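# Inside the fold
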Amino acid sequence: MRILALTLDLDDTLWPVMPALERADRELDAYLREHYPSVAHAWPIPAMRELRAKVALERPDLAHDFTAQRHITLQQAFAACGIDDAPLDTLWGIYFTARNSVELYPDSLPALERITTHWPVASLTNGNADLEQIGIRVHFAHHICARDTGSLKPDRRIFHLAAEQLGIAPGNILHVGDDPELDVVGARNAGLRTAWINRTGRHWPKALGAAPDLDLRDMTALADWLDAHPPA
Ligand SMILES: [Mg+2]
């Protein structure tokens, strides 16, 4: 296969996302306990998570927009406590800052630096990570996120939009990600080539059909493979 560009998943591909999401929940909770104790008491972290899941179920029209889902969650939590003017901007700021305080896997940045010397890379995410805040925006030619495009992985439309922005045919793009269904199956159905970042050495789930083109342990393995398959 001839790879001319890459699309790259973010959460759980370049950094583990759970620690950041958990920290975001804790920091929001700490703020509520200090400034809105009644809300904090009514909505401890597990209850707030359940409310968030309920909002996601009730609003399939916002499936692509985790940010809007979280705003509605906070609004409802405050309204249930009789507060109609929740300080949404402040709350979102606290959440967003913590959510973007991610710790990259040690292989991510060196590999990204090697790869982007030779290949244009577009980030492609369903989440709301902010490359500017994380400090790695400079490595990406484009940033495609579900919130902006209105479709989310594994929908082929988000992959085709990325291909359009890169100006490269889908068959010459390698999509890289950790999620078998969202990343590998989604990208394959959209006509892209696929690299599965399989950090824990799992077996490919056969129920999902053909194995990915590449099954790689980490981003270093990806950079090594690409070095051996230059675009020219
Ligand atoms: Mg991921």
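Scroll up a little and you will see the structure.
A brief look at the structure comes next. (Residues numbered from 1 in each chain as written. Predicted model: local features only at pLDDT ≥ 70, side-chain atom pairs only at ≥ 80, totals over all residues. Heavy atoms only, no water.)

### Examining the coordination of the magnesium ion
Test applied: Listed donor atoms are N, O and S within 2.8 Å of the metal (Na, K and Ca: 3.2 Å). As water is not included, a site may look incomplete. In this text, helices come from DSSP runs of H or I with a minimum length of four residues, and strands from runs of E with a minimum of two, each type numbered from the N-terminal end. Three labels apply to residues, based on accessible area from a 1.4 Å probe with only protein chains included: buried if under 20% of the type maximum, exposed if over 50%, partly exposed otherwise in between.
For the magnesium ion, the full set of protein donor atoms is D9 (OD), D11 (O) and D178 (OD), and the range of their distances to it is 2.1 to 2.2 Å. The sequence pattern describing where the donors of the magnesium ion fall on their chain is D-x1-D-x166-D. Taken together, the residues D11 in the loop between β1 (5-8) and α1 (18-35) and D178 in the loop between β4 (173-177) and α10 (180-189) connect sequence positions 167 residues apart. Since its relative accessible area comes to 15%, D11 is described here as buried.

### With respect to the pairing of strand β2 (residues 121-125)
What counts, and what does not: Paired strands, as defined in this entry, are two strands with at least two bridges between them according to DSSP.
Burial of β2 is extensive: five of the five residues sit out of reach of the surface. Residues V121, S123 and T125 point to one face of β2 and A122 and L124 to the other, with burial holding for every one of them. Across three bridges, β1 lies against β2 in parallel orientation. Across the sheet, the residue bridging to T7 is A122, located in β2.

### Some details on the sheet that holds β1
Rules: Lines fitted to C-alpha atoms define the axes here, with helix axes fitted over just the stretch in contact, and angles between the N-to-C directions of these axes take values from 0 to 180 degrees. Here, residues are in contact when the closest pair of their heavy atoms is within 4.5 Å.
Strands sit in the order β3-β2-β1-β4-β5-β6 across an open sheet of six strands; the sheet is parallel. In the strand order of this sheet, the two ends are held by β3 (142-145) and β6 (214-216), each with one partner. Each strand axis lies, on average, 20° off the axis of its neighbour in the sheet, ignoring direction. Bridging between β4 and strand β5 (residues 193-197) involves four bridges; their strand directions are parallel. Directly across from V176, in β5, lies its bridge partner A195. Where helix α11 (residues 219-227) meets the sheet, it contacts β1, β4, β5 and β6, and its direction lies at approximately 165° from that of β4.

### What to know about the pattern of salt bridges
Going by this rule: By convention in these notes, a salt bridge is any Lys or Arg side-chain nitrogen within 4 Å of a carboxyl oxygen on Asp or Glu.
Counted according to the given criterion, the structure contains 13 salt bridges. As a salt-bridge pair, K54 and E58 come within 3.3 Å of each other at their nearest N and O atoms. Pair noted here: K54 and E58 are both in helix α3 (residues 45-58), with a separation of four residues, about one helical turn. The partly exposed category is assigned to K54, whose relative accessible area is 42%. Overall, the relative accessible area of 45% leaves E58 in the partly exposed class.

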